[in-house]
Amino acid sequence: MTEKELYILLPLLIPILLTQSILLFIDAKKKGSYAWFWGIWGLIQFPMPTLFYLLFVVLPYQRKKKKEL
């Protein structure tokens, strides 16, 4: 990767990772599901933490809510 490509890529990547991390942290905190873990993992890479969060937190949470009704 050239230096020029790096200067183009970083300003795009940083806001994406920060937004993902903040949203994962806030939602995991509401659901009581290891908020710090999801927030930190969201800072490291994109989009795998969001996909795993949907599979391992959101879907079971929705199933649990359905059973309670």
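Residues numbered from 1 in each chain as written. Predicted model: local features only at pLDDT ≥ 70, side-chain atom pairs only at ≥ 80, totals over all residues. Heavy atoms only, no water.

## A short note on the packing of helix H1 (residues 3–31) against helix H3 (residues 48–68)
Condition: Convention adopted: a line fitted to C-alpha atoms gives each axis, helices being fitted over their contacting stretch, and angles between N-to-C directions are expressed from 0 to 180 degrees. Elements are defined by DSSP. Helices are runs of H or I of four residues or more, strands are runs of E of two residues or more, and each kind is numbered from the N terminus. For classification, angles of less than 35 degrees are called roughly parallel, those exceeding 145 degrees roughly antiparallel, those between 65 and 115 degrees roughly perpendicular, and all remaining angles oblique. Helix crossings get a hand from a simple test, with the near helix turned counterclockwise from the far one by less than a right angle marking a left-handed crossing and a clockwise turn marking a right-handed one. Residues are treated as being in contact if the distance between any of their heavy atoms lies within 4.5 Å. Residues are grouped as follows: nonpolar covers Ala, Val, Leu, Ile, Met, Phe, Trp, Tyr, Cys and Pro; charged covers Asp, Glu, Lys and Arg; every other residue, Gly included, is treated as polar.
Where H1 meets H3, the axes come as close as 12 Å, and the angle between the chain directions of the two elements is 15°. Taken together, the axes of H1 and H3 are roughly parallel relative to one another. The way H1 lies across H3 gives a crossing that is left-handed. Where H1 approaches H3, its residues Gln-20, Leu-24, Asp-27, Ala-28 and Lys-31 are matched on the opposing element by Pro-49, Thr-50, Tyr-53, Val-57, Val-58 and Tyr-61. When grouped by side-chain class, the residues that make up the contact of H1 with H3 number seven nonpolar, two polar and two charged.

## A short note on the packing of aromatic side chains
Our working rule: Two aromatic rings from Phe, Tyr or Trp, using only the six-membered ring of Trp, form a pair when their centres are within 6.5 Å; if the ring planes differ by under 30 degrees the pair is stacked, by over 60 it is edge-to-face, and anything between is tilted. Distance and angle both matter: a charge sits over a ring if NZ of Lys or CZ of Arg is within 6 Å of the ring centre and within 35 degrees of the ring normal.
What the rule picks out here adds up to seven aromatic pairs. The interplanar angle of 35° and the centroid separation of 5.6 Å between the aromatic rings of Trp-41 and Phe-52 together place this pair among those described as tilted. You can see Trp-41 sitting in helix H2 (residues 35–44) and its partner Phe-52 sitting in helix H3, a full eleven residues away along the chain. One aromatic cluster is present, formed by Phe-37, Trp-38, Trp-41, Phe-52, Tyr-53 and Phe-56 through successive ring pairs. Geometry around Tyr-61 places Lys-31 over its ring, the cationic atom sitting 4.9 Å from the centre.

## Concerning the environment of Lys-29
With respect to the helices and strands, the residue Lys-29 is situated in helix H1. Through-space distance from the C-alpha of Lys-29 to that of Gly-39 is 9.8 Å; in sequence the pair is ten residues apart.

## What to know about the pattern of salt bridges
This is how it is decided: When a carboxyl oxygen of Asp or Glu lies within 4 Å of a side-chain nitrogen of Lys or Arg, that pair is called a salt bridge. The rule is simple: take the accessible area with a 1.4 Å probe, protein chains only, and divide by the maximum for that residue type; under 20% is buried, over 50% is exposed, in between is partly exposed.
Summed over all chains, the structure comprises one salt bridge. Taking the shortest distance from any N to any O, the salt bridge between Asp-27 and Lys-31 comes out at 3.1 Å. Placement of both Asp-27 and Lys-31 in helix H1 is noted, with a separation of four residues, approximately one turn of the helix. Its relative accessible area of 23% is what places Asp-27 among the partly exposed residues.

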